[in-house]
Amino acid sequence: MQCSILAPCGLLSLRSLAAAAVLVLSAVLPAAQAQAPQPPEIAARSYLLLDVTSNQILAAKDIDSPVEPASLTKLMTEYLVFDALKSKKITLAQTFSVSERAWKMPGSRMFIDPKMQVPVEDLIKGMIVQSGNDATMALAEGVGGTAEHFVQLMNQQAKALGMNSTGYKNPEGLTEAGHTTTARDLSILSTRLMTDFPDYIGYSAIKKYHYPGTPASNDTNRNTLLFRDPTVDGLKTGHTNAAGYCMIATAKRDFPNLGVGGAPGGRRLLAIVLGTSSDSARANETQKLLNWGYTAYEAVKLFDAGQAVVAPAVWKGKAPTVKLGRPQAIVVSVASGSAPKVKTQVARPDPLVAPFKKGQSLGSLKVMLGDNPTPVAEVPLMALEAVEEAGIMGRAWDSIRLWIK
């Protein structure tokens, strides 16, 4: 089933568009059942396959059911640590001490101890590559002051991102009452992690790492898809007895039709597979889902980044028209072989009365297949440039014209 993911950012929220009462949706409407390819059988409690490039859910099962996230919790810890780095509250070279609490953390570990002063960058690698609960606790205490305050920050950030079904009780993901999330919320967190921190997300692709003075045998990333699929570059695995074996994997594969100037462009998919029976099962089911997404659906680039989809007339403005489009390329995913059937239609308020700010939402682009009137996608359009209000005479003249019209 193809549907939309309701992200929290302003450009992807549901809003009323003034007099036209046009509803702008968050990228994708449910596709007609006859047009949606059926996903393969996935042996997992819940799963979600998101085309990140087009912001469309391609396949899903029980994505709003509460689940234990296990070490997928560390993605939120990553988010807060990366945010602290981006805002220069901490640095990669800065060292954090290792508390008794961090040292004695159960489960997977980096094997650091209280005698060490560990650089933030090494703690990040220990948390992501080795899934170290000790490294995670050291980061939480270093950034938040205490683990308890850090958990408060985690829950505040989850709310800010729109993860409305998530509650955190600890920074590492060990089983605890009330520590739950959903596949949908994990997709929001994962996409925002990649979008908001491109300078740091590359740590998720590291295959092997161990800190000097710790066991070299504990150096392998548990995301086995990093070793078998060269297009996979993240993100995280998790396991507890209650959660089962879980994986969030993202892959980016190049396609000629998505590039600019003849160069191929990347299409990114994100697969979330929760509650499988074994390490090998989570890898196999996730790989199956990614491969199916790339073959069952094709991505169609409709407009380049910054390209005007339409330039309608403006009333009471200093400019006669306003260009509507997106700062990113407009891409939609349709069933393979359906690209020639793609049709588009612009829905916007009329009349458009200035002023308009750059980036202001002013309508949407509906995407249909063939003669089917049901949109398979609806992409918000925004003003690509600001249009200031005209002077008194210009506004007066347009008021008369509008009254006559």
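Residues numbered from 1 in each chain as written. Predicted model: local features only at pLDDT ≥ 70, side-chain atom pairs only at ≥ 80, totals over all residues. Heavy atoms only, no water.

## Side note on the sheet that holds strand 13 (residues 342–347)
Inference 1: Strand order in this open sheet of four strands is 11-15-14-13, and the pairing throughout is antiparallel. Strand pairing shows two members of the sheet lacking a second neighbour, strand 11 (324–325) and strand 13, which therefore form its edges.
Inference 2: When strand 14 (residues 361–369) meets strand 15 (residues 377–383), the two strands line up antiparallel, connected through six bridges. Residue Leu365 lies in a different strand from strand 15, and its bridge partner there is Val379. (Pairing = 2+ DSSP bridges. Helix = DSSP H or I, 4+ residues; strand = E, 2+ residues; numbered from the N terminus.)

## Focus: unusual backbone geometry
Inference 1: Cis geometry marks the peptide bond from Gly234 to Leu235, where omega comes out at 10°.
Inference 2: Residue position: Leu235 is located in strand 7 (residues 232–240).
Inference 3: The linkage connecting Asp350 with the following residue, Pro351, adopts the cis geometry, with an omega of 10°.
Inference 4: Looking at the element boundaries, Pro351 is found in the loop between strand 13 and strand 14.
Inference 5: A positive phi angle is found at Asp62, which is not glycine, with a value near 50°.
Inference 6: The phi dihedral of Ser131 falls on the positive side, at around 55°, and the residue is not glycine.

## A few points about the environment of Ala147
Inference 1: In this structure, Ala147 sits in helix 5 (residues 147–161).
Inference 2: Looking at Ala147, the relative accessible area reads 4%, which means it is buried.
Inference 3: Each C-alpha atom, one on Ala147 and one on Lys318, is 54 Å from the other, the two residues being 171 residues apart in sequence.
Inference 4: The residues touching Ala147, leaving out its near neighbours within four places in the chain, are Arg101, Met137 and Glu141. (Buried < 20%, exposed > 50% of the residue type's maximum accessible area, 1.4 Å probe, protein only. Contact = heavy atoms within 4.5 Å.)

## Thoughts on helix 4 (residues 133–144)
Inference 1: Here helix 4 spans 16 Å end to end across 12 residues, near enough to the 16 Å set by a 1.5 Å rise per residue.
Inference 2: In terms of residue burial, helix 4 counts as a mostly covered element, since 10 of its 12 residues are buried.
Inference 3: For helix 4, the complete set of buried residues consists of Asn133, Asp134, Ala135, Thr136, Met137, Ala138, Leu139, Ala140, Glu141 and Gly144.
Inference 4: The elements touched by buried residues of helix 4 are helix 1 (74–86), strand 5 (95–97), helix 2 (100–103), helix 3 (120–128) and helix 5.
Inference 5: Gly145 lies just past helix 4 and shows a positive phi near 90°. (Expected span 1.5 Å × (residues − 1).)

## Observations regarding helix 5
Inference 1: Taking 1.5 Å of rise per residue, the 15 residues of helix 5 would be expected to cover 21 Å, and the 21 Å separating its terminal C-alpha atoms lies within 8% of that figure.
Inference 2: Every buried residue of helix 5 is accounted for by Ala147, Phe150, Val151, Met154, Gln157, Ala158 and Leu161. Taken down its axis, helix 5 places every buried residue within 120° of arc, on the same side. Along helix 5, the residues that are exposed and aim more than 90 degrees away from the buried face are Gln156, Lys159 and Ala160.
Inference 3: Looking at the buried side of helix 5, the elements it contacts are helix 1, helix 2, helix 4 and helix 6 (183–196).
Inference 4: Positive backbone phi, at 90°, marks Gly162, one or two positions downstream of helix 5. (Arc of directions from axis to C-beta.)

## Here's the deal with the nonpolar core
Inference 1: By size, the foremost hydrophobic cluster in this structure holds 62 residues, and its most contacted members are Met76, Phe82, Ile112, Leu123 and Ile124.
Inference 2: Only strand 3 (46–51), helix 1, helix 3, helix 4, helix 5, helix 6, strand 8 (244–255) and strand 9 (265–276) provide two or more residues apiece to this core.
Inference 3: The biggest single contributor to this core is helix 1, with eight residues.
Inference 4: Not counting chain neighbours up to four residues away, the residues in contact with Ile124 comprise Val81, Phe82, Leu85, Leu92, Leu139 and Tyr203.
Inference 5: Among the nonpolar cores identified, the runner-up in size contains 23 residues, and Ala44, Leu225, Leu289 and Tyr297 belong to it. (Core = buried A, V, L, I, M, F, W, Y, C linked by side-chain atoms within 4.5 Å.)

## A few points about the packing of aromatic side chains
Inference 1: Enumeration according to the criterion identifies six aromatic pairs in this entry.
Inference 2: Taking the centre distance of 5.8 Å and the plane angle of 80° together, the rings of Trp292 and Tyr297 count as edge-to-face.
Inference 3: In textbook terms, an aromatic cluster arises when at least three aromatic residues are bridged by ring pairs, as seen for Tyr79, Phe82, Phe197, Tyr200 and Tyr203. (Phe/Tyr/Trp six-rings, centres within 6.5 Å; stacked < 30°, edge-to-face > 60°.)

## Description of the sheet that holds strand 4 (residues 56–61)
Inference 1: Spatial ordering of the open sheet is given by 4-3-9-8-7, a layout of five strands whose pairing is antiparallel. In this open sheet, the two strands that pair with only one neighbour each are strand 4 and strand 7. Strand-to-strand twist in this sheet, taken as the mean axis angle between neighbours without regard to direction, amounts to 10°.
Inference 2: Looking at chain direction, strand 3 and strand 9 are connected through six bridges and run antiparallel. The partner of Asp51 across the bridge, within strand 9, is Leu269.
Inference 3: The sheet strands contacting helix 6 are strand 3, strand 4, strand 7, strand 8 and strand 9, and the helix crosses strand 9 at an angle near 145°. (Axes fitted to C-alpha atoms, helices over the stretch in contact; angles between N-to-C directions.)

## With respect to a nonpolar patch on the surface
Inference 1: A contiguous nonpolar surface patch, about 570 Å² in accessible area, is contributed by Trp397, Ile400, Trp403 and Ile404.
Inference 2: Of note, Ile400 is situated in helix 9 (residues 392–404).
Inference 3: The class of Ile400 is partly exposed, set by a relative accessible area of 43%. (Patch = residues over 30% accessible without salt bridge, like charges linked within 9 Å, V, L, I, M, F, W, Y side chains within 5 Å. Areas by Shrake-Rupley, 256 points an atom, 1.4 Å probe, with all protein chains shown as cover. Salt bridge = Lys/Arg side-chain N within 4 Å of Asp/Glu carboxyl O.)

## Remarks on the pairing of strand 12 (residues 330–335)
Inference 1: For strand 12, the buried fraction is high: six of the six residues fall into the buried class.
Inference 2: Here six bridges tie strand 10 (residues 297–303) to strand 12, and the two strands are oriented antiparallel to one another. Counted as the bridge partner of Lys301 is Val331 from strand 12.

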